[in-house]
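# Structural overview
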Amino acid sequence: MRRTFLGAGLALLLAATACSAPETAAAPPPTPAGTPTASRQDPAQADRTLASLRRVDDLPMWEMTYVGDYDPTVGTDAAPPSPFGCSLFAASGDPGRPLFARNFDWDANPALVLRTDPPDGYATVSLVDMSYLGVGADPTGDRRLLNAPLLPFDGMNERGLAVGLAADDGATVRAEPGKPMVGSVRILRLVLDQAATVDEAVAVFGRHNLDFDGGPPLHYLLADATGASAVVEFVDGAMRVEKGRGGWQALTNVPVVGVPEERRRADHRYGVLAAALTKAGGVVDDRAALELLNDVRQGHTRWSVTYGLRTGEIHLRTAAGTERAYHLPVTLP
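Just so it is clear, the model here is predicted, and its values are computed rather than measured. (Residues numbered from 1 in each chain as written. Predicted model: local features only at pLDDT ≥ 70, side-chain atom pairs only at ≥ 80, totals over all residues. Heavy atoms only, no water.)

### So, the pattern of salt bridges
Note the threshold: Salt bridges are defined by distance alone: a side-chain nitrogen of Lys or Arg within 4 Å of a carboxyl oxygen of Asp or Glu. A run of DSSP states H or I qualifies as a helix once it reaches four residues; a run of E qualifies as a strand once it reaches two. Both are numbered from the N-terminal end. For every residue, the accessible area obtained with a 1.4 Å probe (protein chains only) is divided by the maximum for its type, and the residue is called buried under 20%, exposed over 50%, and partly exposed between those limits.
In total, this model carries 17 salt bridges according to the counting rule given. Salt-bridge contacts for arginine 324 lead to glutamate 63; the nearest nitrogen and oxygen are separated by 2.6 Å. Pair noted here: arginine 324 is in strand β18 (residues 322-327) and glutamate 63 is in strand β3 (residues 61-65), with a separation of 261 residues, a long-range link. The same class applies to arginine 324 and to glutamate 63, which are both buried.

Below, the structure written as structure tokens:
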């Protein structure tokens, strides 16, 4: 919903830190002329969007503000191959400062911090792996960037609702008649645009059939400004939801719904997160959260990010060692 997002802008703070050099991988060459499918912008809005692109890190990490509208139901879908490792958690032990955090573990692709404020949805900040747009390490002038809203790999909206994904190789989906099909990454855009709470986000999932074809099956972690959280998984073709309790909820690449906690903790990364969050009573600030994410980072972790679900504070650390901070004005329920 169009509030003060573009008018006020995002507060940006930059602090460089030392870190080991990121992994390198061959990236697809940039294509200057790309055809966006989702953009519903007029030419001036598209030009303003592309003109806002700037490089901020050697990951490479870019930032862009999307001006105007888009259709979240058409166009580009991500179909990443497995493995697709990630670590996520929601910490709500301090009800005044609930927090969502995640590591995105994947190939050495360029990434994008994207600001959106569609006229018929909530303003958001999200992170996009740009390789799935078909662009290369330098996307300057590539109009396929106008499809970037379609592929948030994690993000938070102006109501303090955050969502992220991770691979779940055992997940299966069964299409239900009468429901529209949506890509397994694209669903995050619908959630961020339409949902203010975890319950509303679960309802968005429930209104759609997910398409896992061409990539790994996924499961999802949701959290909101009230401190609520939930894991959404797909078991034997059906959607199942487990609400958070005890001040925290974590997700890696092992199923959690209906799985005893002892078995969950057999997964190393889940076990590290669970032990630390249990000891802290689910109370962590952004610095502690980033350090906890560092404890479970892998050699292919591309970014670590925390979202303050009531404060609107976003803290990002890239594989290249750069740290950036953003602020998204949050309207509390």
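Having seen the model, we can carry on.
### Some points on unusual backbone geometry
Looking along the chain, the bond that leaves leucine 59 and enters proline 60 is cis, with omega of 5°. Mapped onto the fold, proline 60 is located in the loop between β2 (54-57) and β3. Phi is positive for aspartate 236, close to 50°, though the residue is something other than glycine. When you line up the elements, aspartate 236 lands in the loop between β13 (229-235) and β14 (238-243). Residue class for aspartate 236 comes out exposed when judged on its relative accessible area of 65%.

### Quick look at the packing of helix α3 (residues 186-194) against helix α4 (residues 198-206)
Heads up, the condition is: Here, axes are lines fitted to C-alpha atoms. For helices the fit covers the stretch in contact, and angles between N-to-C directions go from 0 to 180 degrees. The cut-offs work like this: below 35 degrees is roughly parallel, past 145 is roughly antiparallel, 65 to 115 is roughly perpendicular, and the gaps in between are oblique. Two helices cross in a left-handed way if the nearer one is turned anticlockwise from the farther one by less than a right angle. They cross in a right-handed way if the turn is clockwise. Only heavy atoms matter for contacts: two residues are in contact if any of them lie within 4.5 Å across the pair.
It is at 9 Å that the axes of α3 and α4 come closest, and there the two elements cross at 140°. Comparing the axis directions of α3 and α4 gives the class oblique. The interaxial crossing formed by α3 with α4 has right-handed handedness. Where α3 abuts α4, its residues Ile187, Leu190, Val191 and Gln194 lie against Glu200, Ala201, Val204 and Phe205.

### Observations concerning the sheet that holds β14
We apply this condition: A pair of strands is considered paired only if DSSP assigns at least 2 bridges between the two.
Reading across from one edge, β2-β3-β6-β7-β8-β9-β12-β13-β14 is the order of the nine strands in this open sheet, with mixed pairing throughout. Edge positions in the open sheet fall to β2 and β14, since each of these has one partner strand only. The sheet shows a mean angle of 20° between the axes of neighbouring strands, direction not considered. In this sheet, β14 lies alongside β13 in antiparallel orientation, the contact comprising six bridges. Pairing of valine 231 across the sheet is with glutamate 242, part of β14.

### Some words on the confidence of the model for the protein
Here is the rule we go by: Residue-level confidence of the predictor is what pLDDT reports, using numbers from 0 through 100.
Of the residues in the protein, 87% have a pLDDT of 70 or more, and the chain-wide mean is 88. Predicted confidence is poor over residues 2-33, with pLDDT under 50, and the contacts of this stretch with residues over four places away or in other chains come to 71 contacts.

### A closer look at the environment of arginine 240
Structurally, arginine 240 can be placed in strand β14. Residues arginine 240 and valine 202, spaced 38 residues apart in sequence, show a C-alpha to C-alpha distance of 9.8 Å. Ignoring any residue separated from it by four or fewer positions in sequence, one finds arginine 240 in contact with Val231, Val232, Glu233, Val235 and Val257.

### Some thoughts on empty space enclosed by the protein
Rules: The pocket and cavity definitions rest on a 1 Å grid over protein atoms only: a 1.4 Å probe that fits but cannot leave marks a cavity, an open set with protein on both sides within 12 Å along at least five of seven lines marks a pocket, and residues lining either have an atom within 4 Å of a point. Grid points are joined across faces, edges and corners, and a volume is the space filled by probe spheres set on the points. Under the scheme applied here, ten amino acids are nonpolar (Ala, Val, Leu, Ile, Met, Phe, Trp, Tyr, Cys and Pro), four are charged (Asp, Glu, Lys and Arg), and all others, including Gly, are polar.
If you walk through the whole model with that rule in mind, you get three cavities of 30 Å³ or more. The computed volume of the largest cavity comes to approximately 100 Å³. What lines the largest cavity is a set of 13 residues, and nearest its centre among them are Arg97, Leu99, Asp286, Gly308 and Thr311. Of all the secondary structure elements, the ones that give two or more residues to the lining of the largest cavity are β16 (301-308) and β17 (313-318). Of all the elements, β16 adds the most residues to the lining of the largest cavity, at three residues. Of the residues that constitute the lining of the largest cavity, the class distribution is five nonpolar, four polar and four charged.

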